[in-house]
Amino acid sequence: MKFDTKAIHIGEEPNFEHTGDVTIPLHLASTYARKEVDIPTKGHEYSRSDNPTRQALEKKLASLENADYALAFSSGLAAISTVLMALLKSGDHIIAFDDLYGGSKRLFDQIFGENFKIEISYVDATKVSNIKDAIHINTKLIWLETPTNPLLKMCDIQKISKMAIKEDLIVVVDNTFLSPFFQRPLNLGASIVLHSTTKYINGHSDSVGGCLMTRDKKLYEKLHFVQNAAGAILSPFDSFLVLRGLKTLGIRMQRHEENAKKIAKFLIKHPHVSSVIYPGLKEYAYAEIARKQCLGFGGMLSFELKASLEETKKFLEHLKLFSIAESLGGVESLVELPSIMTHASVSKEHREKIGLKDSLIRLSVGIEDVEDLLSDLKQAFKTLKSK
């Protein structure tokens, strides 16, 4: 079964024993009655442990990442926390990409690092040798974003996974930026795939959630135990929304990419722009890896203005169709300034070390008519001094 067909049908097969719904019903019950004291009705006991709507979503999510198991959570950070709680103990060490979403780094450093004594090494994972050199005797896990947020660095999942297998390490890949439509890390050897379902998976900016997918039964059982025990599950209503959003994931991702390519090509020629980072450009630093492991290049891009921080803020504030907002992956276009928004919790020293400048702008390109988006950018550029 092909991707778009799975996105529509898996998990939502009509149940002819009941009403034959063509979409999974919204099951809001918090608990389930049983006729016999020791036999739960069709296995259902309590909605934190198992909800039919969430179960349908998890089945669909697993199919799209070519996984055997999936788990849905109340946020992407809840999914990340579950991985760390399930697989690590105090004194363990993880290796993480040095360019991470600010919320992930804050969670690693200030919660699991400070409170639970998990050791973290941040490395430039674009070179496999940097990861290998960072392995300690207590290393348990490698944490990757690819492309990264917001510099869109890309690492070779397959090479890193092969090295990790030899070292008996778990590889977790945050696949939020590309979605399973454009990249499937489990096919490349990763142990666990993570998504913020808030983004492309749902795609309509009306649900916060996260998910984990894996093929490893032992890993799944550990993750599932924490999902139930800690309780950060995705609500039935949010599960229903994400199921709805997934049905159009394929066609949405195609339009996101189509628009992003045109905008990237416009920006790279603009006199006020010093650099553009987009995996679909021939100038992209990791183009060889992108062509090797990705099925497409997505709708996220970053660019630097030849401008001060104040001028950059002024540029953003004059945009009309691009809403200034955190998050990404919705049908509407968003713009943000990572240094003072999504990555404000990252120290200036670390931002400078990885190349995240104050003038770097991140775009989440939506599915509007691209000519309208280009016109919006052109009128905002007029606010800048002539170059």
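The rules behind the values
Residues numbered from 1 in each chain as written. Predicted model: local features only at pLDDT ≥ 70, side-chain atom pairs only at ≥ 80, totals over all residues. Heavy atoms only, no water. Helix = DSSP H or I, 4+ residues; strand = E, 2+ residues; numbered from the N terminus. Expected span 1.5 Å × (residues − 1). Buried < 20%, exposed > 50% of the residue type's maximum accessible area, 1.4 Å probe, protein only. Pairing = 2+ DSSP bridges. Axes fitted to C-alpha atoms, helices over the stretch in contact; angles between N-to-C directions. Core = buried A, V, L, I, M, F, W, Y, C linked by side-chain atoms within 4.5 Å. Contact = heavy atoms within 4.5 Å. Salt bridge = Lys/Arg side-chain N within 4 Å of Asp/Glu carboxyl O. Polar contact = N/O pair within 3.5 Å; in protein donor to acceptor, adjacent residues only side chain to side chain. Phe/Tyr/Trp six-rings, centres within 6.5 Å; stacked < 30°, edge-to-face > 60°. Lys NZ or Arg CZ within 6 Å of the ring centre and 35° of its normal. 1 Å grid on protein atoms, 1.4 Å probe; cavity = no way out; pocket = protein on both sides within 12 Å on 5 of 7 lines; lining within 4 Å. Points joined across faces, edges and corners; volume = space filled by probe spheres on them. Nonpolar A, V, L, I, M, F, W, Y, C, P; charged D, E, K, R; others polar.

**Regarding helix H3 (residues 76-87)**
An α-helical turn contains 3.6 residues, so any two residues separated by three or four positions project in the same direction.
Okay, so step 1: The first and last C-alpha atoms of H3 sit 17 Å apart over 12 residues, in line with the 16 Å expected at 1.5 Å per residue.
Okay, so step 2: Most of H3 sits inside the fold, with 10 of its 12 residues counted as buried.
Okay, so step 3: Within H3, burial applies to Gly76, Ala78, Ala79, Ile80, Ser81, Thr82, Val83, Leu84, Ala86 and Leu87.

**Remarks on the sheet that holds strand E5 (residues 170-174)**
Okay, so step 1: On the basis of which strands lie adjacent, the open sheet formed by 7 strands has the order E1-E7-E6-E5-E4-E2-E3 and mixed pairing. Two strands in the sheet have a free side with no partner beyond their single neighbour: strand E1 (69-73) and strand E3 (119-123). Across the sheet, the mean angle separating the axes of adjacent strands is 20 degrees when strand polarity is ignored.
Okay, so step 2: Inspection of the sheet shows E5 paired to strand E6 (residues 192-196) by 3 bridges, in the parallel sense. Residue pairing for E6: valine 172 is matched across the bridge by isoleucine 192.

**Some details on the nonpolar core**
Okay, so step 1: Of all hydrophobic cores here, the largest spans 71 residues; its most connected members are Ile263, Leu267, Leu301, Phe303, Phe315, Leu363 and Phe381.
Okay, so step 2: When residues in this core are grouped by element, the largest group, 7 residues, is from helix H10 (residues 249-268).
Okay, so step 3: Setting aside residues no more than four positions away along its own chain, leucine 267 makes contact with Val273, Val276, Leu301, Phe303, Leu363 and Phe381.
Okay, so step 4: One finds Val83, Ala96, Ile131 and Leu188 within the second-largest nonpolar core, a separate group that totals 46 residues.

**A short note on the side chain of asparagine 175**
Okay, so step 1: Tracing the chain through its elements places asparagine 175 in the loop between E5 and helix H7 (179-182).
Okay, so step 2: On the basis of relative accessibility, which here comes to 0%, the residue asparagine 175 falls in the buried class.
Okay, so step 3: Those residues in contact with asparagine 175 that lie beyond four places of it in its chain are Glu65, Pro180, Gln183, Pro185, Val193, Leu194 and His195.

**Observations concerning the pattern of salt bridges**
Okay, so step 1: Counted by the stated rule, this structure contains 15 salt bridges.
Okay, so step 2: With a shortest N-O distance of 3.5 Å, lysine 89 and aspartate 92 are connected by a salt bridge.
Okay, so step 3: Residue class for lysine 89 comes out exposed when judged on its relative accessible area of 53%.
Okay, so step 4: Among the salt bridges present, the one from lysine 262 reaches glutamate 258, with a minimum N-O distance of 3.8 Å. Taken together, the positions of lysine 262 and glutamate 258, both in helix H10 and 4 residues apart, correspond to about one turn of that helix.

**Points about helix H2 (residues 52-64)**
Okay, so step 1: With 13 residues, H2 should reach 18 Å at 1.5 Å per residue; the first-to-last C-alpha distance of 19 Å fits that figure.
Okay, so step 2: Counting buried residues along H2, 11 of its 13 residues qualify, which places the element largely inside the surrounding structure.
Okay, so step 3: Residues of H2 that are buried include every one of Pro52, Thr53, Arg54, Ala56, Leu57, Glu58, Lys60, Leu61, Ala62, Ser63 and Leu64, and no others.
Okay, so step 4: Contacts from the buried residues of H2 go to helix H1 (3-9), E1, H7, strand E7 (210-214), helix H8 (217-230) and helix H9 (236-246).
Okay, so step 5: Between the side-chain oxygen at the start of H2 and the backbone nitrogen of threonine 53 there is a gap of 2.9 Å, and the oxygen is on asparagine 51.

**A closer look at the sheet that holds strand E9 (residues 300-305)**
Okay, so step 1: Strand order in the open sheet made by the 5 strands is E8-E9-E12-E11-E10, with mixed pairing throughout. Two strands close off the open sheet at either side, each with one partner strand: strand E8 (273-277) and strand E10 (323-324).

**Thoughts on the packing of aromatic side chains**
Okay, so step 1: According to the stated counting rule, one finds 9 aromatic pairs in the structure shown.
Okay, so step 2: Relative to phenylalanine 116, the ring of phenylalanine 112 lies with its centre 5.5 Å away and its plane at 35 degrees, an arrangement referred to as tilted.
Okay, so step 3: On the basis of relative accessibility, which here comes to 8%, the residue phenylalanine 112 falls in the buried class.
Okay, so step 4: Judged by its relative accessible area of 46%, phenylalanine 116 is partly exposed.
Okay, so step 5: Both rings, one in phenylalanine 181 and one in phenylalanine 182, keep their centres 5.0 Å apart while their planes meet at 65 degrees; by these two values the pair is edge-to-face.
Okay, so step 6: Phenylalanine 181 gets classed as buried once you look at its relative accessible area, which sits at 14%.
Okay, so step 7: You can call phenylalanine 182 buried: its relative accessible area is 3%.
Okay, so step 8: Pairwise contacts between aromatic rings join Phe266, Phe303, Phe315 and Phe381 into one cluster.
Okay, so step 9: We note lysine 105 situated over the ring of tyrosine 122; from NZ or CZ to the ring centre the distance is 4.5 Å.

**Re the layout of surface pockets**
Okay, so step 1: Approximately 630 Å³ is the volume attributed to the largest pocket.
Okay, so step 2: Taken together, 21 residues form the lining of the largest pocket, with Asn15, His18, Ile24, His27 and Pro52 sitting closest to its centre.
Okay, so step 3: Across the lining of the largest pocket, the residue classes tally to 6 nonpolar, 10 polar and 5 charged.
Okay, so step 4: Approximately 460 Å³ is the volume attributed to the second largest pocket.
Okay, so step 5: What lines the second largest pocket is a set of 23 residues, among which Asp168, Leu169, Ile170, Asp216 and Leu219 lie closest to the centre.
Okay, so step 6: Contributing elements (two or more residues each) for the lining of the second largest pocket: H3, helix H6 (157-167), E5 and H8.

By themselves, these observations are geometric and do not establish any function.
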